[in-house]
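Topology and contacts: notes
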Amino acid sequence: MQKISIIGAAGTLGASCAMNLALNSRISELCLLDINEALLDNHIMDLENAFPDKYIYRGNYEDLAGSSIVVITAGVPNRNEETSRDAYLMENVKIFKHIGANIRKYCSNAIIITASNPVDLLNYYLHKEFGFKPHQLIGYTLNDSYRFSWAINKVLNGKNQVYSPVIGEHGETQVPIFSQVRINNKEASFTVEEKKQIQEEIKTWFVKFNQLNIQRTTGWTTGVGISQLVGSLLSDQEVLTIGSVILRGEYNSQGISIGVPISVNREGVKQIIEWDLTVEENKDFCSSVEKISKNIEESFLLKEEM
């Protein structure tokens, strides 16, 4: 039986993650942290009723001790005027500076899942600033793959079972890997027009979501995805998934965190899978690497000013 901790558990992402993780029979203990203690207590009182066989409680940083996995959803609130996740970097690095120090102090060997934006840069920050090992760190990016599946079904007017991985940045330069798409477990092919329509649905989704002018982020999707990822991380067997991880030469890249196919189990990231990408996919992935590398360089040059 496992103990999982969520930092930022009162917000949309954190509360959804807590609910979905509580449904996992292998998780017996949920330690929930948030600066909004009243709202957090409200969620906990509700969750305790729903799951009376679980130990669900409001903790502090000292209570992180013994956690198998720490999920970070804490960050500045979603602002509808922002069209890029990068806009939250400098504010969230300040928050992560405190969070990272306490994880290092109280559960330094835990697997850390970062769901706060910008995921790639914050995941790399935890590695660079606090020395967490690459196998411990996963930036959550599965929403991009879920959204790819949604766009495919929308354009094809279907409700099919779709495997549709997205790699690269969790942001504007993300790379949908059409060459790996499977529909109902069969290889898929798309016309040029279908690809264009699918990519347009993906590219405009974030803007449309913010235009609703509701200060809420993608809680339900993230809760489902985090639950899937945590389930894979509790497995004895290696499971294929997608996540932002530290590259050390894979895909001819290093010194960054970026979304790639990975295999994971209870020990964390076991290996990075290097797919044979098409010429176009490889070009787009290199562009994504270039953007993240530039953002890392610029953000670390500003580090002393924060």
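Just so it is clear, the structure is predicted and the values come from calculations on it, not from any experiment.

**Re the overall build of the protein chain**
- For the protein chain, the count of helices and strands is eight helices and 14 strands.
- Relative to the compact-globule value of 19 Å for 306 residues, the protein chain shows a C-alpha radius of gyration of 19 Å, a close match.
- If one aligns the C-alpha atoms of the protein chain with their principal axes, the spans along those axes are about 55 × 45 × 45 Å.
- Within the protein chain, contacts between residues separated by at least 24 positions form 72% of all contacts whose residues are at least 6 apart in sequence.
- Accessible surface computed for the protein chain: about 14500 Å², of which carbon and sulfur atoms make up 48%.
- Positive and negative side-chain charges in the protein chain, numbering 29 and 37 respectively, have mean positions lying 2 Å apart.

**Thoughts on the packing of aromatic side chains**
- Applying the stated criterion across every chain yields a total of seven aromatic pairs.
- With centroids separated by 4.7 Å and ring planes inclined at 15°, the aromatic side chains of Trp-205 and Phe-209 adopt a geometry described as stacked. With Trp-205 and Phe-209 both in helix H6 (residues 192-211), this residue pair falls four residues apart, about one helical turn. The residues Trp-205 and Phe-209 share a single accessibility class, namely buried.
- Ring pairs connect the aromatic residues Tyr-125, Phe-130 and Phe-132, which therefore count as one cluster.
- Cation over ring: Arg-104 sits above Phe-132, and NZ or CZ is 4.4 Å from the ring centre.

**Brief notes about the side chain of Asn-102**
- Within the fold, Asn-102 resides in helix H3 (residues 89-106).
- Among the polar contacts listed, one links the side chain of Asn-102 to the backbone oxygen of His-98, at a separation of 2.9 Å.
- Leaving out residues up to four positions away in the same chain, Asn-102 has contacts with Tyr-61, Leu-64 and Cys-107.

**Observations concerning the environment of Lys-154**
- By secondary structure assignment, the location of Lys-154 is in helix H5 (residues 142-156).
- The sequence separation of Lys-154 and Gln-199 amounts to 45 residues, and the corresponding C-alpha distance is 12 Å.

**Overview of the UniProt feature "binding site: substrate" (unreviewed entry) in the protein chain**
- Look at the UniProt record and you will see "binding site: substrate" (unreviewed entry) annotated at Arg-79, Arg-85, Asn-117 and Arg-147. Set against the largest pocket, the annotated residues that line it come down to Arg-85, Asn-117 and Arg-147.

**Examining the domain arrangement of the protein chain**
- For the protein chain, the assigned domains read domain 1 (2-140) and domain 2 (142-301).
- Each of domain 1 and domain 2 has a C-alpha centre, and these two points are 21 Å apart.
- When domain 1 packs against domain 2, the two sides together hide about 4100 Å² of surface, and 63% of this comes from carbon and sulfur.
- The interface formed by domain 1 and domain 2 contains 10 residue pairs in polar contact (both at pLDDT 80 or more).
- Every element with two or more residues in the side of domain 1 that touches domain 2 is listed here: strand E1 (2-7), helix H1 (12-22), strand E4 (69-72), strand E5 (111-114), helix H4 (119-130) and strand E6 (137-139).
- Counting residues per element, the side of domain 1 that touches domain 2 draws most heavily on H4, at eight residues.
- A per-class count over the side of domain 1 that touches domain 2 returns 19 nonpolar, 14 polar and seven charged.

**Quick look at the packing of H5 against helix H7 (residues 219-233)**
- Contact geometry of H5 with H7 gives a least axis separation of 9 Å together with a crossing angle of 115°. Relative to H7, H5 is oriented roughly perpendicular. The handedness of the crossing between H5 and H7 comes out as right-handed. On H7, the residues that touch Leu-142, Asn-143 and Tyr-146 of H5 are Thr-221, Thr-222, Val-224, Gly-225 and Gln-228.
- Looking at the contact of H5 with H7 residue by residue, the classes come out as three nonpolar, five polar and no charged.

**Let's talk about the side chain of Ser-263**
- Along the chain, the position of Ser-263 falls in strand E13 (residues 254-265).
- Ser-263 sits in the buried class, given a relative accessible area of 6%.
- A polar atom in the side chain of Ser-263 sits 2.8 Å from the side chain of Glu-238.
- Sequence-distant contacts of Ser-263, that is, excluding residues within four places in its chain, are made with Glu-238, Val-239, Leu-240, Gly-268, Val-269, Lys-270, Gln-271 and Ile-273.

**As for the nonpolar core**
- Of all hydrophobic cores here, the largest spans 76 residues; its most connected members are Leu-32 and Ile-103.
- Ranked by the residues each element gives to this core, the list is headed by H4, at six residues.
- When residues of this core are assigned to domains, at least three fall in each of domain 1 (2-140) and domain 2 (142-301).
- Formed by 12 residues, the second largest nonpolar core is a distinct cluster that contains Ile-152, Val-166, Val-181 and Phe-190.

**Some words on the sheet that holds strand E7 (residues 162-163)**
- Here we have three strands laid out as an open sheet, ordered E7-E10-E11, and antiparallel in their pairing. A strand with exactly one partner marks an edge of an open sheet, and here the two such strands are E7 and strand E11 (186-187).

Cut-off values and rules
Residues numbered from 1 in each chain as written. Predicted model: local features only at pLDDT ≥ 70, side-chain atom pairs only at ≥ 80, totals over all residues. Heavy atoms only, no water. Helix = DSSP H or I, 4+ residues; strand = E, 2+ residues; numbered from the N terminus. Rg over C-alpha atoms; globule rule 2.2 N^0.38 Å. Contact = heavy atoms within 4.5 Å. Areas by Shrake-Rupley, 256 points an atom, 1.4 Å probe, with all protein chains shown as cover. Lys, Arg positive; Asp, Glu negative; His and termini not counted. Charge placed at Lys NZ, Arg CZ, Asp CG, Glu CD. Phe/Tyr/Trp six-rings, centres within 6.5 Å; stacked < 30°, edge-to-face > 60°. Buried < 20%, exposed > 50% of the residue type's maximum accessible area, 1.4 Å probe, protein only. Lys NZ or Arg CZ within 6 Å of the ring centre and 35° of its normal. Polar contact = N/O pair within 3.5 Å; in protein donor to acceptor, adjacent residues only side chain to side chain. UniProt positions renumbered as here; feature names shortened; annotations may be inferred. 1 Å grid on protein atoms, 1.4 Å probe; cavity = no way out; pocket = protein on both sides within 12 Å on 5 of 7 lines; lining within 4 Å. Domains from an automatic or database assignment. Buried area = accessible area lost by both parts, 1.4 Å probe. Nonpolar A, V, L, I, M, F, W, Y, C, P; charged D, E, K, R; others polar. Axes fitted to C-alpha atoms, helices over the stretch in contact; angles between N-to-C directions. Parallel < 35°, antiparallel > 145°, perpendicular 65-115°, else oblique. Left-handed = near helix turned anticlockwise from the far one by under 90°. Core = buried A, V, L, I, M, F, W, Y, C linked by side-chain atoms within 4.5 Å. Pairing = 2+ DSSP bridges.

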